Amino acid sequence: MTAPLIEGQGLTLSFGGEAVLDDVSLSIAKGEIMTLIGPNGAGKSTLVKVLLGLQSVNAGRVIRKPGLRVGYVPQKLAIDRVLPMTVKRFLNLTHHCSLAERIEVLDHVGARHVLNSQIGDLSGGETQRVMLARALLRKPDLLVLDEPAQGVDVTGQAELYRLIETIRKEQGCAVLMISHDLHLVMAKTDRVVCFNRHVCCSGLPETVRQHPEYRSLFGYRAADAIGIYHHEHDHEHDISGQVVDGCGHDHGHHHDHSHNHTHAHTSAPRAKEHLNG
Amino acid sequence: MDSFLLRAITGGVLLALVCGPFGTFIVWRRMAFFGDTLAHSALLGVAVGLLFGIDVRLGMIMTCLMAALLLAVGQRQSKLGSDTVLGMLAHSTLALGMVALAFVQGVAIDIMAYLFGDILAINTTDLWLLGLGGGAAVLALVAMWRPLLALTVSPEIALAEGVPVERLRVVFMLLMALVIGIAIKIVGVLLITALLIVPAASARFFSRTPEQMALGAALFGVAAVLAGIYLSWHVDTPAGPSIVISAAGLFLVSSALAPIVRRLAYLSK
């Protein structure tokens, strides 16, 4: 087995006495698509920043594979209007590429028409594509995307995730992304990490989806979102009292979680009854 | 042409060429107040130079560099807003400079010359300093152009992709200090910021890339210097302020022309 591209060990960080990362250990293997999901304020962006070396930690360490090339697409790109910047020039931001290469990569992400536009004039979706194109030009070993589908409409989102998967296939780079779009992401990812200050659960999308902690974090919204795609599955596995009990045992120290679980437990059978009736 | 006039023009043009690219970064990185603060600290350098018997120019460059270093360290740790830190340093160094100058015995100092510059009094040593010092600063800026610009556009992308962000920040501040220390002889403590930011602002109207804006700023600066010296020569106005007024006039004309130029560019597409 080859060494992971990036590995975080026991990452712990708190801001003003409040824990943001609580003993987080995580690693990304070559060529895998890993998606971080979790509620707002769960520290997903912070975790990514720590892994990238943008943020230091109170304890723990980050090991990067030597010579690792990262392509980073941040959550937002706020280029001041006072700084004139065409897309053509922006693609050369951290290193130089020929014009042909730049046009090719824009073609690939479906944004060739903005080559000569000012960055500030782009729509949300175009900005995301251009940022992705720029990151790709680096031929990265690891592509890091912080909510890549932000400001992109729903059809665009599905297309964007498809594109990310295609890129991984073609370039063989690993992808680490943060996402809110649960059901869209699930289909296009190898490993899901459900994160809320600590790694709640991780694994294949199928496994994570059935994990009680995942359900307690995302509640019915998530169950619904997935229900669209896996309706029968949900009902057979997830509404069993055993799973809920099992979780209460494993994660007894998270009081709020187990509290939520009982709710899920009591209300779920009612829903089933309703369906049956 | 009188040789002092020729020296003034040469010095002014050289300075404008240096200030162009530096000024664009000042504007992009919102460091106008930072430049102002360094300039204010230079007056302390005049006093230091006179008191310790070293060249006044060297004294100014040294205090500018010291102030930049102080800010590079201080801003990172401070709980105060950076404008507060800058304001405190600017005015306390200016006051300290004035007080220190009061202790300098037996030398008649033309404070006005330091506050508003004295471009017509440029000598050959000044020109050499400007050519070599300013030239070196511009070469260094060109060498670090791409990473510094990446840092300006997005510190996060730059850092994630291996740009040595902290080092660049400090080096840029020191280069800035060098340029301001050299420039004060010509346009003075109170006007140097204008020569840095006004041509850059004018160039913004007509540029589509950062590089175009930097070159444009240099050209607008040269035009302002030439117009200012012309004004000073024919109407007998003080040279430094005349240059700044010319720069401001060029900005107003640019802002009026900008929509027309944009329309023409659009039509020609």
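Bear in mind the structure is a predicted one, so any value in this text is a computation, not a measurement.

Trainee: If you had to explain the UniProt feature "transmembrane region" (unreviewed entry) in chain B to someone new, which residues and values would you point to?
Mentor: Residue and element names in this part refer to chain B. The UniProt record marks residues 6-28, 40-73, 93-115, 127-148, 168-201, 213-233 and 239-261 with the feature "transmembrane region" (unreviewed entry), using the residue numbering of this structure. The straight-line gap between the two end C-alpha atoms of residues 40-73 is 19 Å; of that span, 91% is helix and 0% is strand. In residues 168-201, the share of helix is 88% and the share of strand is 0%. The end C-alpha atoms are 24 Å apart.

Trainee: A description of the pattern of salt bridges should follow, citing residues and the corresponding values.
Mentor: Summed over all chains, the structure comprises 15 salt bridges over all chains. Arg 81 of chain A is the partner of Asp 121 of chain A in a salt bridge, and the nearest nitrogen-oxygen pair spans 3.2 Å. With Asp 121 of chain A in the loop between helix 3 (99-109) and helix 4 (124-137) and Arg 81 of chain A in the loop between strand 5 (70-73) and helix 2 (87-90), the pair connects residues that are 40 residues apart, well separated along the chain. Assessed through its relative accessible area of 52%, Arg 81 of chain A is described here as exposed. Glu 211 of chain B is the salt-bridge partner of Arg 89 of chain A, the closest N and O atoms lying 2.8 Å from each other.

Trainee: Explain the sheet that holds strand 1 (residues 6-15) of chain A to me, and be specific about the residues and the numbers.
Mentor: Residues and elements named next belong to chain A. Spatially, 2-1-4 is the arrangement adopted by the 3 strands of the open sheet, whose pairing is antiparallel. Edge positions in the open sheet fall to strand 2 (18-28) and strand 4 (59-64), since each of these has one partner strand only. Neighbour to neighbour, the strand axes of the sheet diverge by 20° on average, direction disregarded. Bridge analysis of strand 1 against strand 2 gives 7 bridges, and the strand direction is antiparallel. In the strand pairing of strand 2, Phe 15 is matched with Glu 18. Against the sheet, helix 1 (residues 44-52) contacts strand 1, strand 2 and strand 4, and its axis sits at roughly 125° relative to strand 1.

Trainee: Account for the sheet that holds strand 5 of chain A, naming residues and giving values.
Mentor: All names here are of chain A. Spatially, 5-6-7-3-8-9 is the arrangement adopted by the 6 strands of the open sheet, whose pairing is mixed. Looking at the sheet topology across the chains shown, the edges are occupied by strand 5 and strand 9 (199-203). Direction aside, the axes of adjacent strands within the sheet are offset by 15° on average. Packed on one face of the sheet, helix 1 meets strand 3 (33-37), strand 5, strand 6 (142-146), strand 7 (174-178) and strand 8 (191-195) and runs near 145° to strand 7. Against the sheet, helix 4 touches strand 5 and strand 6, its axis set at about 170° to strand 5.

Trainee: Report on unusual backbone geometry, specifying residues and quantitative values.
Mentor: The backbone phi angle of Glu 147 of chain A is positive, close to 50°, even though this residue is not glycine. In this structure, Glu 147 of chain A sits in the loop between strand 6 and helix 5 (154-171). A positive phi angle is found at Arg 30 of chain B, which is not glycine, with a value near 55°. Inspection of the secondary structure puts Arg 30 of chain B in the loop between helix 1 (3-28) and helix 2 (32-52).

Trainee: An account of the packing of aromatic side chains is requested, with residue identities and associated values reported.
Mentor: Residues and elements named next belong to chain B. In this structure the tally under the stated criterion is 9 aromatic pairs over all chains. The interplanar angle of 75° and the centroid separation of 5.0 Å between the aromatic rings of Phe 25 and Trp 145 together place this pair among those described as edge-to-face. One end of the pair, Phe 25, is in helix 1; the other, Trp 145, is in helix 7 (residues 145-153), with 120 residues separating them in the sequence. Phe 25 sits in the buried class, given a relative accessible area of 0%. Centre to centre, the rings of Phe 205 and Phe 251 are 5.5 Å apart; their planes meet at 40°, and the pair counts as tilted. Note that Phe 205 is positioned in the loop between helix 10 (192-204) and helix 11 (210-235) and Phe 251 in helix 12 (residues 239-268), a separation of 46 residues in sequence. Classification of Phe 205 as partly exposed rests on a relative accessible area of 30%. Residue Phe 251 is classed as partly exposed on the basis of its relative accessible area, which comes to 27%. Members of the aromatic cluster, each reached through a chain of ring pairs, are Phe 22, Phe 25, Trp 28, Trp 145 and Phe 172.

Trainee: I'd love a proper account of the environment of Val 70 of chain A, names of residues and values included.
Mentor: Within the secondary structure, Val 70 of chain A sits in strand 5. Val 70 of chain A gets classed as buried once you look at its relative accessible area, which sits at 1%. When sequence neighbours within four positions are dropped, the list of residues in contact with Val 70 of chain A reads Leu 52, Arg 64, Arg 138, Pro 140, Leu 142 and Val 144 of chain A together with Ala 160 and Glu 161 of chain B.

Conventions used here
Residues numbered from 1 in each chain as written. Chains lettered and ligands numbered in written order. Predicted model: local features only at pLDDT ≥ 70, side-chain atom pairs only at ≥ 80, totals over all residues. Heavy atoms only, no water. UniProt positions renumbered as here; feature names shortened; annotations may be inferred. Helix = DSSP H or I, 4+ residues; strand = E, 2+ residues; numbered from the N terminus. Salt bridge = Lys/Arg side-chain N within 4 Å of Asp/Glu carboxyl O. Buried < 20%, exposed > 50% of the residue type's maximum accessible area, 1.4 Å probe, protein only. Pairing = 2+ DSSP bridges. Axes fitted to C-alpha atoms, helices over the stretch in contact; angles between N-to-C directions. Contact = heavy atoms within 4.5 Å. Phe/Tyr/Trp six-rings, centres within 6.5 Å; stacked < 30°, edge-to-face > 60°.

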